[in-house]
Amino acid sequence: MYLDLIEKDQLDEAQRFFMTYVKNTNLQATVFASHKDDLYRIKLLIRKEQIAQSEYVKSFRHNGRY
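Residues numbered from 1 in each chain as written. Predicted model: local features only at pLDDT ≥ 70, side-chain atom pairs only at ≥ 80, totals over all residues. Heavy atoms only, no water.

Taking an unreviewed UniProt entry as the reference, the protein chain is identified by name as TFIID subunit TAF5 NTD2 domain-containing protein belonging to Rotaria sordida.

**Q** Honestly, unusual backbone geometry in this entry has me stumped. Any pointers?
**A** A negative phi holds for most residues other than glycine; trans holds for most peptide bonds. In the Ramachandran plot, Asp9 falls in the positive-phi region, its phi being about 60 degrees despite a non-glycine side chain. The exposure class of Asp9 is exposed, given its relative accessible area of 57%. (Buried < 20%, exposed > 50% of the residue type's maximum accessible area, 1.4 Å probe, protein only.)

**Q** Where do I start with the confidence of the model for the protein chain in this structure?
**A** Where the model shows low pLDDT, its predicted coordinates should not be examined in detail. For the protein chain, per-residue confidence averages 83 on the pLDDT scale, and 82% of positions sit at 70 or higher. Looking across the protein chain, the model is least confident in helix α3 (residues 25-29), with a mean pLDDT of 66, and most confident in helix α5 (residues 48-53), with 94. (pLDDT = per-residue confidence, 0-100. Helix = DSSP H or I, 4+ residues; strand = E, 2+ residues; numbered from the N terminus.)

**Q** In this structure, what is going on with the environment of Lys43? I would like to understand it.
**A** Considering the arrangement of structural elements, one finds Lys43 in helix α4 (residues 31-43). On the basis of relative accessibility, which here comes to 26%, the residue Lys43 falls in the partly exposed class. Along the sequence, Lys43 and Gln15 sit 28 residues apart, while their C-alpha atoms lie 8.1 Å from each other.

**Q** Teacher, can you tell me more about the pattern of salt bridges here?
**A** Opposite charge on two side chains makes pairing possible when the charged atoms of those side chains draw close. Going through the model one piece at a time under the given rule, you end up with 6 salt bridges. Notably, a salt bridge pairs Asp9 with Lys48, separated by 3.1 Å at the nearest N-O pair. Here Asp9 is found in the loop between α1 (2-7) and α2 (11-22), whereas its partner Lys48 is found in helix α5, with 39 residues between them in sequence. Residue classification places Lys48 among the partly exposed positions, given a relative accessible area of 34%. Each of the salt bridges in this network shares a partner with another, and the network as a whole consists of Asp4, Glu7 and Arg61. (Salt bridge = Lys/Arg side-chain N within 4 Å of Asp/Glu carboxyl O.)

Structure, rendered in structure tokens:
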């Protein structure tokens, strides 16, 4: 969802979305514990051009994790 918001030029909303889920302690104990590096790597993408050029995102989406 974060990537979708960035691609729609909604950076502020994307950042709010990310921070809402980062602060969720239940997710921190589960999802963030095992995918923390992936999530923070994605958070560094703040322009749709970066997403389009990112081999990491292409791989991420291709592998069905998106």
